[in-house]
Amino acid sequence: MKTVYFDNSATTKTDEEVVKAMLPYITENYGNASSIYKIGRDNRKAVEEAREKVAKVLGCEPTEIYFTAGGSESDNTAIKGIAHSYRQKGNHIITSKIEHPAVLETCKQLEKEGFEISYISVDENGIINLEELKKAIKPTTILISVMFANNEIGNIEPIKEIGEIAKEHQIIFHTDAVQAIGNININVKELGIDSLSLSAHKFYGPKGVGALYVKKGVKFDKLIDGGHQEMNKRAGTENVAGIVGLGKAIELAYENLEEHNKKIKELRDYYVEQVKQKIPYIKINGDMEKRLPGNSNISFRFIEGEGLLLNLDLKGICASSGSACTSGSLDPSHVLLAIGLPHEIAHGSLRISIGKYNTKEEVDYLIESLVEIVNRLREMSPLWEEFIEKESNK
């Protein structure tokens with residue numbers, strides 16, 4: 001059975017050109033980039049070239065880029081590192097209710113250490129309440145961390161406005177841009193971003209490597225002690241092959257950004273329109289304009305997301321649910337609850353994230369499969385039967 005992959009927000013297939021760029025650093029170019037002999041120096045050069053590629057995309061200096069093991073480490077390093085470094089100035093941090101767990105769990109840990117965290121609400125489309133953000137600022141506020149784009153409903157936050165608010169109050173502004181990089185043009189200087197997290201596997205690069213931008217002059221404590229790698233901010237032998245892959249992937253992503261976005265947005269819009277036409281009693285979650293081009297999140301009433309996912313899997317279709325039940329929790333997504341969805345509707349949500357390798361034929365197969373599965377699951381649901389009976393008696 002062929003696998004049809006529609007979970008590109010979770011991870012992407014590594015581009016063949018990226019793999020090709022990485023291979024020499026897995027085979028013959030195996031030197032330690034911190035060594036002084038030639039194969040070490042050659043690998044050091046490759047690392048610095050990748051650093052320059054990331055800096056070029058973000059509009060910053062190469063010395064402001066630090067390589068990590070991925071988005072979660074970048075978020076942890078930025079938030080904990082800045083919080084600890086500025087603790088003498090204050091202990092208050094502002095974030096949003098719809099952040100990725102890499103941010104929310106980090107903030108919860110800081111709360112245990114005596115930091116105060118304000119969690120700002122969002123509207124029905126997932127957009128942060130800027131007035132609430134302004135009111136939350138205190139003399140002790142040292143950091144604002146708000147994601148660039150949400151991983152579940154794909155909404156894009158007003159990052160420039162948040163940057164302006166932070167600058168006005170002399171507060172450091174960090175953004176988790178893991179979902180945004182490879183989909184949106186980002187210039188950290190123009191947007192007022194002081195720190196930014198990214199991860200290679202979200203834009204057709206390898207897993208296990210990411211990067212953190214920290215503006216020159218912004219202090220942050222390191223999390224990993226040991227050697228003096230990454231400008232003495234992240235100890236550990238450099239993952240040269242992964243770093244080279246990240247550099248190549250980000251370079252490719254921004255060479256073809258407009259073409260990439262046009263294609264996947266057309267497929268996404270086609271999918272959403274077809275679902276709206278063919279399946280009744282659904283809810284589109286999030287704004288269809290201020291969102292990532294390949295993202296859709298739809299709630300199907302009267303069914304469970306887990307059942308939907310399992311049935312799609314039987315047809316070889318990979319997708320994601322708005323319910324966390326597949327991970328052992330009965331609670332629906334915190335993002336869907338934050339935008340005001342009741343539990344029963346949030347439980348039946350499906351995230352489809354289209355990528356550059358998806359085709360219209362695959363989307364058609366997905367739509368056809370969804371119609372069949374939703375109809376079958378609803379026929380098995382007592383809630384659906386009760387609803388239809390009430391409708392017929394009106």
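Residues numbered from 1 in each chain as written. Predicted model: local features only at pLDDT ≥ 70, side-chain atom pairs only at ≥ 80, totals over all residues. Heavy atoms only, no water.

Spatial ordering of the open sheet is given by 2-8-7-6-5-3-4, a layout of 7 strands whose pairing is mixed. Bordering the open sheet on either side are strand 2 (65–68) and strand 4 (116–120), each of which pairs with just one other strand. For this sheet the average axis-to-axis angle between neighbouring strands, irrespective of direction, equals 20°. Bridge analysis of strand 5 (residues 141–145) against strand 6 (residues 172–176) gives 3 bridges, and the strand direction is parallel. Bridging across to strand 6, Ser145 finds its partner in His174. Here helix 6 (residues 159–168) sits on the sheet and contacts strand 5 and strand 6; the angle it forms with strand 6, its principal contact strand, is near 155°. (Pairing = 2+ DSSP bridges. Helix = DSSP H or I, 4+ residues; strand = E, 2+ residues; numbered from the N terminus. Axes fitted to C-alpha atoms, helices over the stretch in contact; angles between N-to-C directions. Contact = heavy atoms within 4.5 Å.)

A separate point is helix 2 (residues 38–58). Compared with an ideal rise of 1.5 Å per residue, which puts 21 residues at 30 Å, helix 2 spans 30 Å between its outermost C-alpha atoms and is within 8% of the ideal. Elements that come into contact with the buried residues of helix 2 comprise strand 2, helix 7 (188–191), strand 7 (195–199), strand 8 (210–214), helix 8 (229–232) and helix 9 (240–255). Phi turns positive, to about 75°, at Gly59, one or two residues after helix 2. (Expected span 1.5 Å × (residues − 1).)

Attention shifts here to the nonpolar core. Grouped together as the largest cluster of nonpolar side chains are 66 residues, with contacts concentrated most on Leu58, Ile181, Ile186, Ile193 and Leu196. The element best represented in this core is helix 9, accounting for 10 residues. Once residues lying within four places of it in the same chain are set aside, the contact partners of Ile181 are Leu58, Ile186, Leu196, Leu198, Phe203, Ile250 and Tyr254. One finds Leu267, Val272, Phe300 and Leu309 within the second-largest nonpolar core, a separate group that totals 26 residues. (Core = buried A, V, L, I, M, F, W, Y, C linked by side-chain atoms within 4.5 Å. Buried < 20%, exposed > 50% of the residue type's maximum accessible area, 1.4 Å probe, protein only.)

Further remarks concern the packing of helix 2 against helix 9. Helix 9 packs onto helix 2 with a crossing angle of 30° between their chain directions and a minimal axis gap of 9 Å. Considering the angle they form, helix 2 stands roughly parallel to helix 9. Every pair of crossing elements has a handedness; the one defined by helix 2 and helix 9 is left-handed. Contact residues: helix 2 offers Asn43, Ala46, Val47, Ala50, Lys53, Val54 and Val57, while helix 9 offers Val240, Ile243, Val244, Leu246, Gly247, Ile250, Glu251 and Tyr254. (Parallel < 35°, antiparallel > 145°, perpendicular 65-115°, else oblique. Left-handed = near helix turned anticlockwise from the far one by under 90°.)

Moving on to the packing of aromatic side chains. According to the stated counting rule, one finds 8 aromatic pairs in the structure shown. Ring geometry for Tyr66 and Phe220: centres 5.2 Å apart, planes at 80°, overall edge-to-face. Taken together, the positions of Tyr66 in strand 2 and Phe220 in the loop between strand 8 and helix 8 put the pair 154 residues apart, joining distant regions of the chain. Look at Tyr66 and you get buried, because its relative accessible area is 12%. Phe220 gets classed as buried once you look at its relative accessible area, which sits at 4%. Judged by centre distance (5.8 Å) and plane angle (70°), the rings of Tyr281 and Trp384 are edge-to-face. With Tyr281 in the loop between helix 10 (257–278) and strand 9 (282–284) and Trp384 in helix 15 (residues 382–392), this residue pair connects regions lying 103 residues apart in the sequence. Since its relative accessible area comes to 17%, Trp384 is described here as buried. Put simply, the rings of Tyr281, Phe302, Trp384 and Phe387 touch in pairs and so form one group of aromatic residues. Sitting over the face of the ring of Tyr357, Lys13 holds its NZ or CZ atom 5.2 Å from the ring centroid. Note that Lys356 overlies the ring of Tyr204, its terminal NZ or CZ placed 4.5 Å from the centroid. (Phe/Tyr/Trp six-rings, centres within 6.5 Å; stacked < 30°, edge-to-face > 60°. Lys NZ or Arg CZ within 6 Å of the ring centre and 35° of its normal.)

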